[in-house]
Amino acid sequence: MTHDRSPEARAPLTELSDAPRPTLAQRVGSKSVAPWIFIAPMLVFGAIFFILPLLYAGYISLTRWNGFTAPRWVGLGNYDYLLFTDPRFWDTFWNTIYFAAGTILIGVPLALVLAYAFTRAYGQAVWRSIYWLPYITNVVAVAYIWQFLLDDSFGLVNRALDAAGLPGPGWLTDPSIAMTTMILIFVWMQLGHNLLLFSAGLAGIDESYYEAARLDGAGERQLFLDITVPMLKPTLLFVLITNFITGLSYFVLMLVMADVAPQGPIKVTGLYMYEMAFSDQRLGRAAAAAYILFTVVLVVTLVQLRVFRRGGVEAH
Amino acid sequence: MTDHTHCIRTIAAALAASTALTGAALAQDGGTIQIATHYNQDQMAPLLACFDRYTEETGVEIEFQQASYRDFLQTILTARVGGTAPDIYNIYSIWAPQLASSGTLAEPPEDVASWIRDSYGEGTVGAATINGTLYGIPTELSVYQLFYNKKLLAEAGYDGPPETWDELKEIAAAITEANDQGNITTAGYVYGPSVANAVHIYYAQMYNAGVAPYSDDFRTTNFTAPDSVNIIARQGELFADGITSNSVTTDDFPAGRAAMMIAANWQKQTMQEAFGEDFEDTVGIAPIPGDGGDPGTMLYSFFWAVDSSSDMQAESWDLLRWLNEAQGDADLSCTGQMLNDLGALSGNLSDLAAMPTDDSFTAPFVEAIESGAAASQPNIWQAAENDRILRSYIEQVWAGTMSAEDAMEAADAEVSAILSEQD
Amino acid sequence: MAIVQASHRSAILWRIAKYGILSLGAIIMVVPFIDMFLGALRSPAERLARPPVYWPGDPQWINFKRVFTELPTLNWLWNSVYITLAVTLLQLVTSSMAGYALAKYRFIGRNMIFRTVLGAQMFPFFLFIIPIFFILRYFPLAGGNGLDGVGGSGFLNTYTAIILPFAVTWYGVFLMRQFFLTVPDELIEAARLDGANEFRIFWQIVLPLVVPGLATLGIFVFVYQWNEVIWTMTITRTAPDLQTLPVGIYLLRGAFTEEATKSLQQAAVAVSVIPVMVTFLALQRYYIRGLMAGSVKG
């Protein structure tokens, strides 16, 4: 853009001194023009892949469209259908909430306890690498790894439970626990990530608090509950809420697992939206579902911002 | 499962081959026709040889694309949306209404259409017809029947297949074995993990009971009919009684861990590979057990269709006709040869006549087609979506979280709403 | 004295508990990978035995070779490498440029742009799948399209369609800005006084100072992109030649329904996991730094 402006056209405005006129190269490389060149790729990209899609998706959501014949304007019909008529949408919504809530209820306390032990242990690089393996593994691999582990009769997990004289649930096949299994697998994937976030927060707690408490005869359990947890509140809030938002938006694991698990119980709204769009060619309705789910994510995010400001997390 | 088992040996070769074909296409000027099927390179072998011959004779290059059955419809639709659709595809008949209503399918020229009507059985032509318009050339026919493992039945003291549902239940209960944890290790009866293994079985049982799953105009369902509710309730009983479970699937039948299932004849090749020399002594085929009336069942069909956005439409129909007529002194057409090698049945009358179909596995299927016992699967609107909805309700009955009445009522409401969308 | 002894004993107990908890967790983290690895080595006979043999008596190492000879793994691998490197490189360029502008220049709208960068991170990816798919498909003048965006197939079935949506990430810009903030202004001013133009300052003076930042962003993007499934799958469904390792393995799942072929599937899964593990283990300290910079300390 800046290249198009000819130096002559702007010369009278900028050149009032006796200094020689700057060349085009000098002008482009000047302090006032350069930042725009630096930021141009991001702005162009933001226009095409951020703002345009948001508007476009908004438009699609107001139509009935299969992707190749002309879209038909239906106004708010898709939203109306999803919210008030579709028996499935709310099922998937509550599944989504169950999943997101489950991942934090199980995942966060686990990560916290492990991080507490981790920050006080030798060999941190080794522990860290081990706990990070699942997080850097692609979700297709994760899904297949667990399909084999959780096979009802012959998977390692149920064989181990059997050896211990325990019953072997149908982890992926029993509709009443399939979603809980998704939560557990997701927690397994995310544990290393949360552990690291907590350990950073723990490292920020001054050791002198612990020393003082130890002198007063406090045990490890008391140290954890009286010092660690309160001091860690900002990190805790951050982890809780970002995990919740991630959970609301997540559906790839369920998509890949849909071949083996029962249909209804693991269908979250994101997956429902994806199927609507790419299996049933209901792009308008899918775009509306995406916007409804996004509204929920947005509300949670705004609550997060408020809580963070009160909870002492800066820069958010 | 309608998912044809894919041998993977040659997928890498397929990829290399398709690249090579693309490269060769640049050198010729007869144009290139892209053909997509769900058959893999191994299964396609007879057709691929024909493609080469056709290229030699006419200079038209042919490029083969494979997509797995589970992803096939989505792949075509995505390709269509993306403007990258192949010229010819081999589609499952129930996908046709959705594709036809969006203008995806090209109508055959009049001479091809009349040739189809002359050369294929009436039921099969119907499978490729939507609202009175014929859209393609039928290929593979699949029929559902009861598969039973003769050896497992014999071990439990039964020397023949069940004739009624009550017998089926009794035999299955006698065979089922569970481990200490209560998980089934040998199943008397199995359903499967895919849509087809819930929904198609239900349809087949419906026709067996003499009730069509949909009304004649395909705008309402008969899901709530007493026979329908009864079929689903009985399925639920198998689960409730521990005779089958979600832990075991139709994949366990070729592994010898399941005694009975309702499945389609395209499984022949899978069974032959799994049981080898014992195939005929192990796999038995019988009519679907019901309450003792005339045995009915369901058949479905694939057909060759041409994409309406193709710029090689005339050439594509020429190629298809060539592929589906016996060439030279061959008994079978190229398509017929491929289906024969698969152990599948053809809707082409002369191909079917030339196929050896009197072995103990195939004969009952052919009998069901020829006697008219097998009804064609209805080409309903948004079939894939409806099947998925129906499956989720059937699964709830299996899981015991819904009664058969409630589930079928809810499925009827949802599916009827979708069926009433069509103009 | 009693108190000291008690706390001494509790310290020992705590130490046991600490390593006990960590070890138990570590076993749960690692065993699934071992299970996959053992599965890849199992022979068909061992798989079909009832119950199946767990420990492979005759390890089928050949499965790891078959992954490359019988599946299009080399093609997948090449796509994974190509796409991941292209996205990583693009993001390093775009993020460092934009991050530098936001950190070190004052210009009209800077604060608004920065707030947008922060805010835009809240928009989940699922919202963009449908519109971006069609934007790429109807992109004017791309892939046979006319100015009106129809006529051809746009960017679909090209590497561009897989790569372009990830060319810039708001998070990358934000992260690089944080790193550029640590570069002293005096250094830049001194270079200006020496007559260097802005691009030279950026390229020759500032950028070398944020190499750790680039490494951090690089490893971040690498891990993310290598494991990306949903977009790549959506866009390459009709283009098997462009599929990456995870997507290819997923879409080929129909080939592995028979018990005897499952060892090969597990071997393919192992192959998809190894490159990213090696990269990560080599560069993990940069990863951790980025995580800290991007989260709590932000």
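Residues numbered from 1 in each chain as written. Chains lettered and ligands numbered in written order. Predicted model: local features only at pLDDT ≥ 70, side-chain atom pairs only at ≥ 80, totals over all residues.

- Per an unreviewed UniProt entry, the recorded name for chain B is Maltose ABC transporter periplasmic protein, and the organism is Roseisalinus antarcticus.
- Recorded under Sequence similarities (unreviewed entry), the UniProt text for chain B is reproduced unchanged: "Belongs to the bacterial solute-binding protein 1 family." (UniProt positions renumbered as here; feature names shortened; annotations may be inferred.)

- The name given to chain A in an unreviewed UniProt entry is Lactose transport system permease protein LacF, with Roseisalinus antarcticus as the source organism.
- Its UniProt record gives chain A the following Subcellular location (unreviewed entry) comment, quoted word for word: "Cell membrane".
- Its UniProt record gives chain A the following Sequence similarities (unreviewed entry) comment, quoted word for word: "Belongs to the binding-protein-dependent transport system permease family."

## Thoughts on the overall build of chain A
Item 1. Of the regular secondary structure elements, chain A holds 15 helices and 2 strands.
Item 2. On C-alpha atoms alone, chain A measures out to a radius of gyration of 27 Å, which is more than a quarter above the 20 Å that the 2.2 N^0.38 rule sets for 316 residues.
Item 3. Along the first, second and third principal axes, the C-alpha set of chain A runs to 90 × 65 × 35 Å.
Item 4. Counting the 316 residues in chain A, one finds 46% classified as buried.
Item 5. Nonlocal contacts in chain A, meaning residues at least 24 apart in sequence, comprise 68% of its contacts between residues at least 6 apart. (Helix = DSSP H or I, 4+ residues; strand = E, 2+ residues; numbered from the N terminus. Rg over C-alpha atoms; globule rule 2.2 N^0.38 Å. Buried ≥ 20, exposed ≤ 12 C-beta atoms within 10 Å, placed from the backbone. Contact = placed C-beta atoms within 7 Å.)

## Topic: the overall build of chain B
Item 1. Across its full length, chain B carries 18 helices and 13 strands.
Item 2. Taken against the 2.2 N^0.38 rule, which gives 22 Å for 423 residues, the C-alpha radius of gyration of chain B at 22 Å falls within 12% of a compact globule.
Item 3. Within chain B, the fraction of its 423 residues that count as buried is 56%.
Item 4. Residue pairs in contact within chain B that sit at least 24 positions apart in sequence constitute 75% of those at least 6 positions apart.

## Points about the interface of chain A and chain C
Item 1. Of the residues lining the interface, 73 residues belong to chain A; the matching set on chain C comes to 70 residues.
Item 2. Here the side of chain A that touches chain C takes 16 residues from helix H3 (residues 34–60) of chain A, the largest share from any one element.
Item 3. Considering only residue class, the side of chain A that touches chain C consists of 55 nonpolar, 14 polar and 4 charged. (Nonpolar A, V, L, I, M, F, W, Y, C, P; charged D, E, K, R; others polar.)

## Remarks on the UniProt feature "transmembrane region" (unreviewed entry) in chain A
Residues and elements named next belong to chain A.
Item 1. UniProt records the feature "transmembrane region" (unreviewed entry) for residues 36–59, 97–118, 130–150, 170–189, 236–258 and 283–303 in the present numbering.
Item 2. The span residues 36–59 is 100% helical and 0% strand by assignment, and the distance between its end C-alpha atoms comes to 31 Å.
Item 3. End-to-end, the C-alpha atoms of residues 97–118 are 30 Å apart, and along that stretch the chain is 100% helix and 0% strand.

## Considering the nonpolar core
Item 1. Formed by 173 residues in total, the largest nonpolar core has its most connected members in Met182, Leu253, Met273, Ala289 and Ala290 of chain A together with Ile130 of chain C.
Item 2. The biggest single contributor to this core is helix H9 (residues 178–203) of chain A, with 14 residues.
Item 3. Sequence-distant contacts of Ile130 of chain C, defined by excluding residues within four places in its chain, comprise Ala57, Ile60, Ala277, Leu283, Ala286, Ala287 and Ala290 of chain A. (Core = buried A, V, L, I, M, F, W, Y, C linked by C-beta atoms within 7 Å.)

## Structural notes on the interface of chain B and chain A
Item 1. Each partner contributes to the interface: chain B provides 27 residues, whereas chain A provides 24 residues.
Item 2. Considering every element that reaches the side of chain B that touches chain A, the biggest residue donor is helix H17 (residues 383–399) of chain B, with 8 residues.
Item 3. Taken together, the residues of the side of chain B that touches chain A sort by class into 5 nonpolar, 15 polar and 7 charged.

## Concerning the UniProt feature "domain: ABC transmembrane type-1" (unreviewed entry) in chain A
Item 1. Summarizing the sequence annotation, UniProt attributes the feature "domain: ABC transmembrane type-1" (unreviewed entry) to residues 93–304 of chain A in the numbering used throughout.
Item 2. The span residues 93–304 of chain A carries 74% helix and 0% strand; its end-to-end C-alpha distance comes to 20 Å.

## A look at the environment of Gln91 of chain C
Residues and elements named next belong to chain C.
Item 1. Turning to its location among the elements, Gln91 is positioned in helix H4 (residues 73–104).
Item 2. By C-beta crowding, Gln91 is classed as buried, having 26 other C-beta atoms within 10 Å.
Item 3. Separated by 78 residues in sequence, Gln91 and Thr169 place their C-alpha atoms 7.2 Å apart.
Item 4. With residues up to four places along the chain from it excluded, the contact list for Gln91 reads Ala167, Val168, Thr169, Gly172, Leu217 and Val221.

## Re the pairing of strand S9 (residues 260–264) of chain B
Side chains on a regular strand alternate between the two faces of the sheet.
Residues and elements named next belong to chain B.
Item 1. By the criterion of burial, S9 is predominantly enclosed, with 5 of the 5 residues buried.
Item 2. Across the two faces of S9 the burial is the same, with Met260, Ile262 and Ala264 and Met261 and Ala263 all buried.
Item 3. Relative to S9, strand S6 (residues 137–149) runs antiparallel, the two sharing 5 bridges. The residue of S9 that forms the bridge with Tyr148 is Met260. (Pairing = 2+ DSSP bridges.)

## Side note on unusual backbone geometry
Item 1. Phi at Gln281 of chain A is positive, roughly 55°, even though this residue is not glycine.
Item 2. The topology assignment puts Gln281 of chain A in the loop between helix H14 (269–278) and helix H15 (283–311).
Item 3. Residue class for Gln281 of chain A comes out buried when judged on the 24 C-beta atoms lying within 10 Å of it.
Item 4. Even without being a glycine, Phe218 of chain B presents a positive backbone phi close to 60°.
Item 5. As for its position among the elements, Phe218 of chain B is in the loop between helix H9 (195–208) and helix H10 (226–240).
Item 6. A tally of 17 C-beta atoms within 10 Å means that Phe218 of chain B is categorised as partly exposed.

## Here we look at the packing of helix H2 (residues 41–58) of chain B against helix H14 (residues 334–342) of chain B
Residue and element names in this part refer to chain B.
Item 1. Contact geometry of H2 with H14 gives a least axis separation of 8 Å together with a crossing angle of 160°. Looking at the two axes, H2 sits roughly antiparallel to H14. In this structure, the crossing between H2 and H14 has a hand that is right-handed. Counting all contacts with H2, which are made through Gln43, Met44, Pro46, Leu47 and Cys50, the residues of H14 involved are Cys334, Thr335, Gln337, Met338, Asp341 and Leu342. (Axes fitted to C-alpha atoms, helices over the stretch in contact; angles between N-to-C directions. Parallel < 35°, antiparallel > 145°, perpendicular 65-115°, else oblique. Left-handed = near helix turned anticlockwise from the far one by under 90°.)

## Some details on the confidence of the model for chain A
Item 1. Confidence in the prediction of chain A, expressed as mean pLDDT, is 86, and 91% of residues score 70 or more.
Item 2. Counting interchain partners and residues more than four positions distant, the pLDDT-below-50 stretch residues 1–16 of chain A has 10 contacts. (pLDDT = per-residue confidence, 0-100.)

## Some details on the confidence of the model for chain B
Item 1. Put simply, chain B has an average pLDDT of 85, and 92% of its residues get 70 or more.
Item 2. Low pLDDT, under 50, characterises residues 1–28 of chain B; the predicted model gives this stretch 62 contacts beyond four residues in sequence or across chains.

## A closer look at H3 of chain A
Residues and elements named next belong to chain A.
Item 1. Over its 27 residues, H3 extends 38 Å from the first C-alpha to the last, a length consistent with the 39 Å expected when each residue adds 1.5 Å.
Item 2. A bend of about 45° at Ala40 is the largest found in H3, and the proline Pro41 appears one to four places after it.
Item 3. Among the residues of H3, Ala34, Pro35, Phe38, Ile39, Met42, Phe45, Gly46, Phe49, Pro53, Ala57 and Ile60 are the ones counted as buried. (Expected span 1.5 Å × (residues − 1). Bend = angle between axes of the 7 residues up to and from the residue.)

## Topic: helix H3 (residues 69–81) of chain B
Item 1. Taking 1.5 Å as the rise per residue, H3 of chain B with 13 residues should run 18 Å; its terminal C-alpha atoms sit 19 Å apart, in good agreement.
Item 2. A large share of H3 of chain B lies buried, amounting to 10 of its 13 residues.
Item 3. Of all the positions in H3 of chain B, only Asp71, Phe72, Leu73, Thr75, Ile76, Leu77, Thr78, Ala79, Arg80 and Val81 of chain B are classed as buried.
Item 4. Residues of H3 of chain B that are buried make contact with H14 of chain A, strand S1 (32–37), strand S3 (88–92) and H17 of chain B together with helix H6 (126–137) and helix H13 (245–251) of chain C.
Item 5. Immediately beyond the C-terminal end of H3 of chain B, within one or two residues, lies Gly83 of chain B, with a positive phi of roughly 75°.

## Re the environment of Pro86 of chain B
Residue and element names in this part refer to chain B.
Item 1. Secondary-structure assignment places Pro86 in the loop between H3 and S3.
Item 2. Residue classification places Pro86 among the buried residues on the basis of 23 C-beta atoms within 10 Å.
Item 3. For Pro86 and Ala36, which are 50 residues apart along the polypeptide, the C-alpha to C-alpha distance reads 6.4 Å.

## Considering the packing of H4 of chain C against helix H11 (residues 211–227) of chain C
Residue and element names in this part refer to chain C.
Item 1. Running from amino to carboxyl end, H4 crosses H11 at an angle of 140°, the nearest separation of the two axes being 9 Å. Seen along the crossing, H4 lies across H11 with a hand that is right-handed. For the pair H4 and H11, contact is made by Ser80, Ile83, Thr84, Val87, Thr88, Gln91, Leu92, Ser95 and Ser96 and by Leu214, Leu217, Gly218, Val221, Phe222, Gln225 and Trp226, respectively.
Item 2. Tallied by class, residues from the contact of H4 with H11 come to 8 nonpolar, 8 polar and no charged.

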